[in-house]
Amino acid sequence: MIRRKETIMYRLRTGYAKLNKHLFKIGVKNSEMCENCGRAPETAKHILLECTTYSDNRNVMFQELIAQGVTNFSMQSLLSEKAQSVLPIINFIHATKGDI
Ligand SMILES: [Zn+2]
């Protein structure tokens, strides 16, 4: 389980996630765009902070982050090595994309 969490965080940090931006680049998908909203490339930032499809899940994540004492919701802060932000992010990914 710990390794799986580390894998997800690593993929979010590096961009090597199974999201359309990366899948398009390596020739797996025909488009890099988010299939939920169609408004932007599907990146880690789009999923975590922007896509309106995930607003409810994002609110849950923000509440969990605040409960952990995390109040800076920038990508740089969320994906830093800070342990407090890991579980809320993992919960969000499981609830939205499932696997990345
Ligand atoms: Zn979207």
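Conventions we followed
- Residues numbered from 1 in each chain as written.
- Predicted model: local features only at pLDDT ≥ 70, side-chain atom pairs only at ≥ 80, totals over all residues.
- Helix = DSSP H or I, 4+ residues; strand = E, 2+ residues; numbered from the N terminus.
- Rg over C-alpha atoms; globule rule 2.2 N^0.38 Å.
- Buried ≥ 20, exposed ≤ 12 C-beta atoms within 10 Å, placed from the backbone.
- Contact = placed C-beta atoms within 7 Å.
- pLDDT = per-residue confidence, 0-100.
- Core = buried A, V, L, I, M, F, W, Y, C linked by C-beta atoms within 7 Å.
- Axes fitted to C-alpha atoms, helices over the stretch in contact; angles between N-to-C directions.
- Parallel < 35°, antiparallel > 145°, perpendicular 65-115°, else oblique.
- Left-handed = near helix turned anticlockwise from the far one by under 90°.
- Nonpolar A, V, L, I, M, F, W, Y, C, P; charged D, E, K, R; others polar.

Per an unreviewed UniProt entry, the protein chain is named Reverse transcriptase zinc-binding domain-containing protein, and its organism is Mytilus galloprovincialis.

K.L.:
What should I look at first to understand the overall build of the protein chain in this one?
P.N.:
For the protein chain, the helix and strand inventory stands at six helices and zero strands. For the protein chain, the sequential pattern of α-helices and β-strands runs α-α-α-α-α-α. Against the compact-globule benchmark of 13 Å for 100 residues, the protein chain has a radius of gyration of 13 Å, which places it among compact chains. Expressed as a percentage of its 100 residues, the buried residues of the protein chain come to 24%. Residue pairs in contact within the protein chain that sit at least 24 positions apart in sequence constitute 42% of those at least 6 positions apart.

K.L.:
Would you explain the confidence of the model for the protein chain in this entry?
P.N.:
In low-pLDDT regions, the fine details of the predicted coordinates are not to be read closely. Residue-level pLDDT values for the protein chain average 94, and 98% of them are 70 or greater. Helix H1 (residues 2-14) is the least confidently modelled element of the protein chain, averaging 89 in pLDDT, while helix H4 (residues 55-67) averages 98, the highest of any element.

K.L.:
Honestly, the environment of cysteine 34 in this entry has me stumped. Any pointers?
P.N.:
In this structure, cysteine 34 sits in the loop between helix H2 (20-25) and helix H3 (44-50). Taking C-alpha positions, cysteine 34 is 16 Å from arginine 58, a pair spaced 24 residues apart along the chain. Setting aside its immediate chain neighbours within four residues, cysteine 34 contacts Asn20, Arg39, Ala40, Pro41, Glu42, His46 and Cys51.

K.L.:
How should I be thinking about the nonpolar core in this particular structure?
P.N.:
Counting residues in hydrophobic clusters, the biggest one holds 15 residues, and the most contacted among them are Ala44, Ile47, Leu48, Ile89 and Phe92. Within the residue set of this core, elements represented by two or more residues are H3, H4 and helix H6 (86-96). Excluding anything up to four places from it in sequence, isoleucine 47 contacts Leu19, Glu42, Tyr54, Thr96 and Lys97.

K.L.:
Just to check I follow, could you spell out the packing of H4 against H6 for this structure?
P.N.:
Each pair of packed helices gets described by two things: the angle between the helix axes and the distance between those axes. At a closest axis distance of 9 Å, the pairing of H4 and H6 adopts a crossing angle of 165°. Between H4 and H6, the angle falls in the class roughly antiparallel. Classified by chirality, the crossing of H6 by H4 is right-handed. On H6, the residues that touch Asn57, Met61, Glu64 and Leu65 of H4 are Pro88, Ile89, Asn91, Phe92, Ala95 and Thr96. Taken together, the residues of the contact of H4 with H6 sort by class into six nonpolar, three polar and one charged.

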